[in-house]
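Here are the chains, one letter per residue:
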Amino acid sequence: TDGKEDGADDLVAVATFSTKRKIVRGARVTRSHELIRFCSRADGVVIGGITKLIRTFIKEQEPVDDIITVVDRDWGPGDGWHSIGFETLHVSAPLFMVVKDGIRRHLVGAGIKNKDVPSSGSGKINDITTSRPGIEEHVLEELAILNTCQESLHCLEHFEYYPVYDAGVERLVMAVTNTQRVASSSSATEKKSSTFPELKADFVPSTYAATYRTNNSGISAILGHVMAQTAASLYGRYLSEVLTGRAKVNDSMTAQSDADAWKATGGANSETLVYKARSSLDPFASVEVKERSGGWCTLGIVGGTTKSIRHGNFKVREEVDGGRSIDSSVMAFEYLRSMAAMALVGLEYRRAHPDDDDSTKANLSCLYLGFGAGSLPRFMASLIPKSQHVAIELDEGVVSAAHQCRLLKHSLSSDTDPIELQVGDALTYKRPANSDPFDIVFVDIFDDGNILPPEFYSAEFLDSVVYQNHLGGRSSGIVIHNFHTGGKALGSQLADAIKNYRSVFSTTLTVESVDSRHTGGNTILLATNKRRLDASSETLSWRLAGAMAQQLSAVNFDVIARTTHKLWLS
């Protein structure tokens, strides 16, 4: 606690701060404090009071990297804090409540007591001293069968519950600069200070509590409507939705057995060479296709400076006529399932919320920057009839292997290859001028050190090449980008990439593949200039789009879990 006294030793202003918290944000560990309370004398104005208290606090507690505070917007917005160095990070949507018999009652949140409330005029109300008052159980049952905001509000009014809203809360941060630190401290200038944009990028994914949610469809519809209204307001740009929990995966037995079968193949020692070609990227390396037990095959680079990099795997099945073909429905790698799931849900959300510039062409088209072993384009081609797929691959040896091993076909009945594989640099590839824009761009590129080149997430590349050229500048276009995670360097790379994506696309969201751990894994990013995904209407939220995509696509793995696992929406 810090206090400011006047000349007569009277306390005129007080601020309370939390103890120091070491918090990992992006690739760095920050020393953070929270400004919990501030108040001053009611009979006067303390000019510069909070500024002097914060300055004294930083001096006494040095080193301090940032200070966080939360403003209850019922008492006003946090705009006044901007003048003393705070910046807004997040504004929560207003909380929806109802009033009956003069009592404010809650529909979401912890500790709600949903006992029956006597009818108006009875003179009695439930004991509300031990918990937060809720609404009657039979009203909740009525709401549970409704799906729109308007129907739910009419239902509440029928039972004499009238809506009220708070103004939400606003979270702000002050990035402490070197000039704010104690000049006499040698350690104070050793650590580079953060600017607000850098600090904001390091808050991805956010550690803030998730938006209120409920399994009651009627209440959920109201909350979705409130979120949409807030997103359309001045403060909508600060809205975010965070699901930090681990999703429960409910895959089919087929999907589970595919993953288990791949893991049980015994590794490289059990492989048989099927095809070999020289890599065009390294004269001392070769591109090799090898087969393991059970028809499982791998495609990768062997030897040279890279030593060994696996591009991907696929499964060959035996046909009744004695022939062999690739099973396009099989994707054993978790990150590929997550990329496919994100694409399917993004397409379903786009279908349910059409814009004026949405594509009117009959066939879906996808661009793949990086071919790998072709598992993802084959899967998408087999799942979506008459869809068109173009893949760009830098290594001529990979292209040769794809043709020789029939990796461009998704079925034996296909007369032509649905996948057009081109040799070229994905960084400079341009869509032909006479061709339609792509609907989805998949980015899955890593160099010979298995590192994502920074050019592929630069703001210039994302804007001029991906958005303007590949997607034709259409808001309905979707980008799906795979990132490796684990460690400070990769965490910093992801934070930089998200910052650049956000400068080009109005919506950027990420999920982690369900097999990721803090030591390593994959984060899948989706970007679009479609309407804000956290501004879902009451008719179709991101979760409902996932459920619809699961039903319509009939894929054998859990789409919903993979598109909500540690989900971050900006």
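Notes on the structure follow. Keep in mind that this is a model prediction, so the values were computed, not measured.

**Quick notes on the packing of aromatic side chains**
The full count for this structure, using the stated rule, is 11 aromatic pairs. Here the aromatic rings of Trp81 and Phe86 are separated by 5.5 Å at their centres, their planes lie at 90 degrees, and the arrangement is edge-to-face. Like Phe86, Trp81 is buried. Taken together, the ring pairs connect Trp262, Trp296, Phe333 and Tyr335 into an aromatic cluster. Positioned over the ring face of Tyr161 is Lys100, at 4.7 Å from the centre of the ring.

**Describing the environment of Ala459**
Its place among the elements puts Ala459 in helix H11 (residues 459-470). For Ala459, a relative accessible area of 30% translates into the label partly exposed. In this structure, the C-alpha to C-alpha distance between Ala459 and Ala497, residues 38 residues apart in sequence, is 8.4 Å. With sequence-adjacent residues up to four places away left out, Ala459 is seen in contact with Asn500, Ser503 and Val504.

**Section: the sheet that holds strand E7 (residues 96-100)**
Spatially, 3 strands are ordered E8-E7-E11 in an open sheet, and the strand pairing comes out antiparallel. The sheet is open, and its two edges are formed by strand E8 (103-106) and strand E11 (162-165), each paired on a single side. On average, each strand axis in the sheet is tilted by 40 degrees relative to the strand beside it, whichever way the strands run. Where E7 meets E8, 4 bridges bridge the pair, whose relative direction is antiparallel. Note that in E8 the partner of Met97 across the bridge is His106.

**With respect to the pattern of salt bridges**
Tallied over the entire structure, the rule returns 19 salt bridges. For Glu271, the salt bridge is made with Arg292, and the minimal N-O distance between the two is 2.9 Å. Of this pair, Glu271 sits in the loop between helix H7 (253-263) and strand E14 (272-278) while Arg292 sits in the loop between strand E15 (285-291) and strand E16 (296-303); the two residues are 21 residues apart in sequence, bridging distant segments of the chain. Taken together, the salt bridges that share partners define one network made up of Glu271, Lys276, Glu288, Lys290 and Arg292.

**Some remarks on the pairing of strand E4 (residues 28-40)**
Sheet analysis places strand E2 (residues 11-17) next to E4, joined by 5 bridges and oriented antiparallel. Looking at E4, one finds that Phe17 is bridged to Leu35. Sheet topology note: the E4/strand E5 (residues 66-72) ladder contains 4 bridges and is parallel. Paired with His33 across the two strands is Ile67, which belongs to E5.

**Some details on H11**
Taken as a whole, H11 has its buried residues at Phe461, Leu462, Val465, Val466, Tyr467, Asn469 and His470. Each element contacted by the buried residues of H11 is listed here: strand E19 (365-369), strand E22 (440-443), strand E23 (478-485) and helix H12 (488-504).

**A short note on the packing of H11 against H12**
Packing of H11 against H12 brings their axes to within 8 Å, and their N-to-C directions diverge by 45 degrees. Comparing their axes, H12 and H11 come out oblique. Regarding H11 and H12, the two cross each other, and that crossing is right-handed. From H11, Ala459, Leu462, Asp463 and Tyr467 reach across to H12, where they touch Asn500, Tyr501, Ser503 and Val504. Residue composition of the contact of H11 with H12, by class: 5 nonpolar, 2 polar and 1 charged.

**A few points about helix H13 (residues 542-553)**
Quick reminder: α-helices carry 3.6 residues per turn. Residues three or four places apart thus point the same way. Compared with the 16 Å implied by 1.5 Å per residue over 12 residues, the 16 Å span of H13 between its first and last C-alpha is a close match. Of the positions making up H13, those classed as buried are Trp542, Ala545, Gly546, Ala549 and Ser553. Around the axis of H13, the buried residues are gathered within 105 degrees of arc, so they sit on the same side. Ala554 lies just past H13 and shows a positive phi near 55 degrees.

**Concerning the nonpolar core**
Looking at soluble globular proteins, one finds that nonpolar side chains tend to be buried together. Grouped together as the largest cluster of nonpolar side chains are 63 residues, with contacts concentrated most on Phe371, Leu376, Met380, Phe442, Ile480 and Phe557. Per-element accounting of this core gives the leading share, 11 residues, to helix H8 (residues 334-352). For Phe557, the contacting residues outside a window of four places in its chain are Asp251, Ala255, Met331, Arg337, Ala340, Ala341, Phe379, Gln550 and Arg562. Judged by nonpolar contacts, the second largest core, of 30 residues, contains Phe438, Val465, Phe483 and Trp568.

Scoring rules and cut-offs
Residues numbered from 1 in each chain as written. Predicted model: local features only at pLDDT ≥ 70, side-chain atom pairs only at ≥ 80, totals over all residues. Heavy atoms only, no water. Phe/Tyr/Trp six-rings, centres within 6.5 Å; stacked < 30°, edge-to-face > 60°. Buried < 20%, exposed > 50% of the residue type's maximum accessible area, 1.4 Å probe, protein only. Lys NZ or Arg CZ within 6 Å of the ring centre and 35° of its normal. Helix = DSSP H or I, 4+ residues; strand = E, 2+ residues; numbered from the N terminus. Contact = heavy atoms within 4.5 Å. Pairing = 2+ DSSP bridges. Axes fitted to C-alpha atoms, helices over the stretch in contact; angles between N-to-C directions. Salt bridge = Lys/Arg side-chain N within 4 Å of Asp/Glu carboxyl O. Parallel < 35°, antiparallel > 145°, perpendicular 65-115°, else oblique. Left-handed = near helix turned anticlockwise from the far one by under 90°. Nonpolar A, V, L, I, M, F, W, Y, C, P; charged D, E, K, R; others polar. Expected span 1.5 Å × (residues − 1). Arc of directions from axis to C-beta. Core = buried A, V, L, I, M, F, W, Y, C linked by side-chain atoms within 4.5 Å.

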